[in-house]
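So you can see what is in the structure, the chains are spelled out below.
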Amino acid sequence: MTEADQLKAIAAEFRVAGWTMSFDPVPGSFNFPEDMPRLDMVAYRNGDPMPEYPPPGPSMIIVEVANRRRRIRKETGRADHPYWAELDEEEAQYRFERISDSLQALQRDDIDFQVRFLDVSADQAEARSFTDFSPWNTEQLLKEMKDARARLADRQRTADDRALEVVVTWARALRILGHRFPGRRHKELQKADLRTIQKDLYDAGVIDTPPSDYFRTHQSILALFEGGSPEWPLLQSLEADLNKIIDHIISRFLQDEAETITETVATPPRDEDADRDLFEPLALRLGQIEVQPIRRLATDQLALLRQTDLTPAFRQALIDFEQTISSERDQFEDLLRLLRERSKQIRGV
Amino acid sequence: MRPAPTVRRHEFMVKGSPVSVNRYGHSQYRNWRSTVYSASIPTPPTWSGSLFAGECSVRIRYFRVRDRIKDVDNILKAILDALDGKISGSIRHADSVITDDRRVELVMSQRTNLGLGARIDGRRLRRQEYAALLHARRGQAAVYVGVHNAPDHGVSISR
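For clarity, every value in this text was computed on a predicted model and none was experimentally measured. (Residues numbered from 1 in each chain as written. Chains lettered and ligands numbered in written order. Predicted model: local features only at pLDDT ≥ 70, side-chain atom pairs only at ≥ 80, totals over all residues. Heavy atoms only, no water.)

### Examining the sheet that holds strand β1 (residues 9-15) of chain B
Residue and element names in this part refer to chain B.
Then, in step 1: Across the sheet, four strands lie side by side as β1-β9-β3-β7; this open sheet has mixed pairing. The strands lining the two open edges of the sheet, one partner per strand, are β1 and β7 (104-113). For this sheet the average axis-to-axis angle between neighbouring strands, irrespective of direction, equals 15 degrees.
Then, in step 2: Inspection of the sheet shows strand β3 (residues 56-64) paired to β7 by nine bridges, in the parallel sense. Directly across from Arg61, in β7, lies its bridge partner Gln110. (Pairing = 2+ DSSP bridges. Helix = DSSP H or I, 4+ residues; strand = E, 2+ residues; numbered from the N terminus. Axes fitted to C-alpha atoms, helices over the stretch in contact; angles between N-to-C directions.)

### Some points on the interface of chain A and chain B
In many reports, interface size means the accessible area that the parts give up when they come together.
Then, in step 1: Residue-level contacts link 32 residues of chain A with 19 residues of chain B.
Then, in step 2: At the boundary of chain A with chain B, total buried surface from both sides reaches about 2,200 Å², with 51% on carbon and sulfur atoms.
Then, in step 3: If you sort the residues of chain A by the area they bury against chain B, Glu89, Phe96 and Phe117 of chain A come out on top, with a joint share of 32%.
Then, in step 4: As a salt-bridge pair, Glu13 of chain A and Arg119 of chain B come within 2.6 Å of each other at their nearest N and O atoms. (Contact = heavy atoms within 4.5 Å. Buried area = accessible area lost by both parts, 1.4 Å probe. Salt bridge = Lys/Arg side-chain N within 4 Å of Asp/Glu carboxyl O.)

### Regarding the confidence of the model for chain B
Then, in step 1: When pLDDT is averaged along chain B, the result is 88, and 92% of the positions lie at 70 or above.
Then, in step 2: For this predicted complex, the interface score ipTM comes out at 0.77, alongside a pTM of 0.62. (pLDDT = per-residue confidence, 0-100.)

### Here we look at the nonpolar core
Then, in step 1: With 33 residues, the main nonpolar core has Phe32, Val42, Ile62 and Phe117 of chain A together with Leu114, Tyr130 and Leu133 of chain B as its most contacted residues.
Then, in step 2: Sorting the residues of this core by element identifies β2 (41-44), β3 (60-65), α3 (89-106) and β6 (111-116) of chain A together with α3 (127-139) and β9 (141-149) of chain B as the ones contributing at least two each.
Then, in step 3: A total of six residues in this core trace back to one element, the largest contributor, which is α3 of chain B.
Then, in step 4: Setting aside chain neighbours within four positions, we find Leu133 of chain B in contact with Ala66 and Phe117 of chain A together with Phe63, Leu114, Ile120 and Leu125 of chain B.
Then, in step 5: Core analysis: the second largest hydrophobic core is formed by 32 residues, Ala173, Leu177, Ile249 and Ile319 of chain A among them. (Core = buried A, V, L, I, M, F, W, Y, C linked by side-chain atoms within 4.5 Å. Buried < 20%, exposed > 50% of the residue type's maximum accessible area, 1.4 Å probe, protein only.)

### Re the side chain of Asn74 of chain B
Then, in step 1: You can see Asn74 of chain B is positioned in the loop between β3 and α2 (76-83).
Then, in step 2: Taking relative accessible area as the criterion, Asn74 of chain B reaches 15% and is therefore assigned buried.

### Points about unusual backbone geometry
Trans is the common state for peptide bonds, and a negative phi is the common state for residues other than glycine.
Then, in step 1: Residues Thr43 of chain B and Pro44 of chain B are joined by a peptide bond in cis, for which omega reads -5 degrees.
Then, in step 2: Mapping Pro44 of chain B onto the fold places it in the loop between α1 (27-40) and β2 (50-52).
Then, in step 3: Phi angles above zero are rare outside glycine, and Asn31 of chain A is one such case at about 60 degrees.
Then, in step 4: Counting through the fold element by element, Asn31 of chain A comes out in the loop between β1 (20-23) and β2.

### A look at the pairing of β6 of chain A
Then, in step 1: Taken across its six residues, β6 of chain A has five buried, putting it largely inside the fold.
Then, in step 2: As judged from the two bridges shared by β6 of chain A and strand β8 (residues 120-121) of chain B, these two strands associate in the antiparallel manner. Bridging across to β8 of chain B, Gln114 of chain A finds its partner in Asp121 of chain B.

### Focus: the pattern of salt bridges
Then, in step 1: Counted according to the given criterion, the structure contains 32 salt bridges over all chains.
Then, in step 2: As a salt-bridge pair, Glu3 of chain A and Arg68 of chain A come within 4.0 Å of each other at their nearest N and O atoms. Taken together, the positions of Glu3 of chain A in helix α1 (residues 3-16) and Arg68 of chain A in the loop between β3 and β4 (69-71) put the pair 65 residues apart, joining distant regions of the chain.
Then, in step 3: Judged by relative accessible area, which is 14%, Glu3 of chain A ranks as buried.
Then, in step 4: Residue class for Arg68 of chain A comes out buried when judged on its relative accessible area of 12%.
Then, in step 5: When the shortest N-O distance is used, the salt bridge between Arg127 of chain B and Glu97 of chain A registers 3.9 Å. Of the two residues, Arg127 of chain B sits in helix α3 while Glu97 of chain A sits in helix α3, which places them in two different chains.

### Structural notes on the packing of helix α7 (residues 194-203) of chain A against helix α8 (residues 211-225) of chain A
Residue and element names in this part refer to chain A.
Then, in step 1: Here α7 crosses α8 at 150 degrees, and the two axes come no closer than 10 Å. In terms of axis orientation, α7 runs roughly antiparallel to α8. Every pair of crossing elements has a handedness; the one defined by α7 and α8 is right-handed. Contacts from Leu194, Arg195, Gln198, Lys199 and Tyr202 in α7 reach Pro211, Tyr214, Phe215 and His218 in α8.
Then, in step 2: Here the residues of the contact of α7 with α8 sort into five nonpolar, two polar and two charged. (Parallel < 35°, antiparallel > 145°, perpendicular 65-115°, else oblique. Left-handed = near helix turned anticlockwise from the far one by under 90°. Nonpolar A, V, L, I, M, F, W, Y, C, P; charged D, E, K, R; others polar.)

See below:
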């Protein structure tokens, strides 16, 4: 679970017990002293954080998440700190003492102070961010993909070395796609595990291995990085899907380069009557979508489909379009089938 | 000789994983005891001789994350020996926290596993305890040791 999910889980525990939760209350809230540090969470009962006649038991609980990442530069005032990170021990200790001293100054026995922790999965989620590479830098991305392709093409290596290269490149490529093309509304894929991204790519038609078949390969990847016993043939088998992913990244984001890198595919002559049959009924049916944002986005993507017709980019434009109308797929299945066939013709499959 | 000041409490934190009494005689046990001793005496020392001349209580809290679990009773001996200033056998340091571990009338030993489900009462947490907790988060384990005056035998500890 990411840090944000774990914080929500902690807050949910309190809510279920009848507490009202306040996240990151600004200094000065709840009549706390102004010099009290910004708190992580405050739980209070009955909508009255500081009752004049407190009931039995605590009327408020201050929750401190000891290993949470904070706006450290702001918290400590040190410009040499990263902007967002976990406080070191000394800084965390100082923060705890300030909170304790402020609570003592309040002289209220009905305020509890609870220390909580995030578990290791928050660290794992954090390991999925990029600190050495911006996945939005197209030039850097192209170079990384070209280098990966060259390394994979090197047949001088032993099978195990190649498998290792495949696995490292696979994890990296999936993580890039998880950032660059989240595929879901709330960008959950950025911190998702590799299995989740793999499933998303399979659903989008980018790769051919179903998630149920990928499961054992994923276990081997984990075993590899945790010092266990990976199954090397499974890791080697990732190469086919990896090549598809590299093609996908290049064609999706780097169209001009794609025309020089990928093989030239013989394109069928354009049949204008066929186009009319293909895009116009689609446009008419899009007008029946009731949800305006989806209708608008799908209409824009249909225009892109027309523009990219007979080019390698058509395939990705079609994938984007299918994702946009996924909630209305039943209405469009017959026309989508025609578009997919067209895509196959363009790719020469 | 500088007399020990009148104190009611002496606390410190030890970084690292406690060593079980089952390792007695091994270098690992001696090293841990030495580590506890070094942590128990401030630098520079603020007293000479024993800090607690008479009866006392000891509270130990072992925080762990992914450390191999040690029994709460098995970690006591090395810590009490260190508080006593023991080096080996009957050889002792000149300065120590307690005079003799036979003067310890109450020992409380607690192990706390830190994870998503752990809930620690911050109002009862001593500063050095929190320091041990923070270190355990990064270093897998740490121990808080608090030495206090002897318990009041007029009050039952079961209440």
